[in-house]
Amino acid sequence: MKQTCVTALLLWLMLAGLCRGQGKNRLGVVVAPLASSFVQYQPSGTTINFGISTGLSYERLLTPHIGIEVGTLFRYQKGAWTWDSTFVGIGYLPTIDRKDNLYYLQIPLKINGYFNIGNLHATIGIGAQYCPLLEQLSTLSKYSISEKQHRHLLANVGVVIPISPQFDLQFALEYQHIFVDRWEKYTHKAIALNCSIHRIF
């Protein structure tokens, strides 16, 4: 936990140091409902669970069209499922464990692009995030979540709605690809709707 907080602080300080140059900055409050899916192939099955993330983001606009963003968000997931395997006879039998409440800390780092399509202010972004587990409640059976499930690739597309020269709203659909062991017969992904308001300075 201490290492996670230090990592988040270093990312914020790194971008804060860039603020000494010319350009604009965006400090935002983010609320992001999300849906996460686990897809298993042998045997086949899909489980969907829901959650929400909220926190702060900071973006340094290097040019009017490119920015670097870092954030610190608290993430809650309800009814999350994870997959494990149990050795039976001469092979492994896939099993399912359920956690009713999972709490994470999200530390995203992204590069964002901004452009206009007619009167529409559009944005796209790519990046990654570290998502360590903070707390796990209502566990039905013992299971150690793989460290690889803490590392996510991110891609998002959305719109920016100016409110005033100092504030804007942003709505972006974000895809999160969650790394798992390539030998496992399942995939894990999530879709989030990032809703945020930013102070521009």
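Residues numbered from 1 in each chain as written. Predicted model: local features only at pLDDT ≥ 70, side-chain atom pairs only at ≥ 80, totals over all residues. Heavy atoms only, no water.

A closer look at the environment of Arg75
Short version of the rule: Segments assigned H or I by DSSP are reported as helices when at least four residues long, segments assigned E as strands when at least two residues long, and all are numbered from the N terminus. Any two residues having at least one pair of non-hydrogen atoms within 4.5 Å are treated as being in contact. Polar contacts here mean pairs of N or O atoms no more than 3.5 Å apart (in protein, one a potential hydrogen donor and the other a potential acceptor; neighbouring residues in sequence count only if both atoms are side-chain atoms).
Assignment of secondary structure puts Arg75 in strand 3 (residues 66-88). For the pair formed by Arg75 and Leu133, sequence separation is 58 residues and the distance between their alpha carbons is 9.2 Å. Every residue in contact with Arg75, bar those within four places of it in the chain, is listed here: Leu34, Ile52, Ser53, Leu102, Tyr103, Tyr104, Gln106, Gln129, Cys131, His152, Gln176 and Ala190. Here Gln176 takes part through its side chain, which lies 2.9 Å from a polar atom of the side chain of Arg75.

Some thoughts on the confidence of the model for the chain
Operational definition: pLDDT is a per-residue confidence score from the predictor, ranging from 0 to 100.
In the predicted model, the chain carries a mean pLDDT of 78, and the fraction of residues at 70 or more is 61%. Ranking the elements of the chain by mean pLDDT puts helix 1 (residues 2-18) last with 60 and strand 5 (residues 120-130) first with 95. Note on residues 140-144: pLDDT under 50 across the span, and 10 contacts to partners over four residues away in sequence or across chains.

Side note on a nonpolar patch on the surface
To keep it simple, the criterion reads: In this analysis, a patch consists of residues with relative accessible area above 30% that form no salt bridge, clustered at 9 Å for like charges and at 5 Å for the nonpolar side chains Val, Leu, Ile, Met, Phe, Trp and Tyr. The Shrake-Rupley method, run with a 1.4 Å probe, gives the accessible areas here. Residue values count only the displayed protein chains as cover. Think of a salt bridge as a Lys or Arg side-chain nitrogen and an Asp or Glu carboxyl oxygen that are within 4 Å of each other.
A cluster of nonpolar side chains, contributed by Phe115, Ile117, Leu120, Ile124, Val157, Ile161, Phe171, Leu173, Tyr175, Ile191 and Leu193, occupies part of the molecular surface with about 920 Å² of accessible area. Of all the secondary structure elements, the ones that give two or more residues to the nonpolar patch are strand 4 (91-117), strand 5, strand 7 (151-164), strand 8 (167-178) and strand 9 (186-200). When residues of the nonpolar patch are assigned to their parent elements, the largest contribution, three residues, is made by strand 8. Inspection of the secondary structure assignment puts Ile161 in strand 7.

Looking at the pattern of salt bridges
In total, this model carries four salt bridges according to the counting rule given. In this structure, Glu59 engages Arg26 in a salt bridge whose closest nitrogen and oxygen atoms are separated by 2.6 Å. In this pair, Glu59 sits in strand 2 (residues 44-63) while Arg26 sits in strand 1 (residues 24-41), placing the two residues 33 residues apart along the sequence. Between Arg26 and Asp168 there is a salt bridge, with the nearest N and O atoms lying 3.0 Å from each other. You can see Arg26 sitting in strand 1 and its partner Asp168 sitting in strand 8, a full 142 residues away along the chain.

A look at the environment of Ser57
To be explicit about the condition: Accessible area is worked out with a 1.4 Å probe on protein chains only. A residue is then buried under 20% of its type maximum, exposed over 50%, and partly exposed in between.
When you line up the elements, Ser57 lands in strand 2. Residue classification places Ser57 among the buried positions, given a relative accessible area of 3%. Along the primary structure Ser57 and Gly28 are separated by 29 residues, whereas in three dimensions their C-alpha atoms are 5.0 Å apart.

A word on the packing of aromatic side chains
Going by this rule: The criterion for an aromatic pair is that two Phe, Tyr or Trp rings (for Trp, the six-membered ring) have centres within 6.5 Å, with stacked assigned to planes under 30 degrees apart, edge-to-face to planes over 60 apart and tilted to the rest. Placement of a positive charge over a ring is assigned whenever Lys NZ or Arg CZ falls within 6 Å of the ring centre and within 35 degrees of the normal to the ring plane.
Taken as a whole, this structure holds two aromatic pairs when the rule is applied. An angle of 40 degrees between the planes, with centres 5.2 Å apart, marks the rings of Tyr76 and Tyr103 as tilted. Here Tyr103 lies in strand 4 and Tyr76 lies in strand 3, a separation of 27 residues in the sequence. One aromatic cluster in this structure is built from Phe74, Tyr76 and Tyr103. Directly above the aromatic system of Tyr104 lies the positively charged group of Arg75, at a separation of 5.9 Å from the ring centroid. When the ring centre of Phe167 is taken as origin, the NZ or CZ atom of Arg199, which lies over that ring, is 5.7 Å away.

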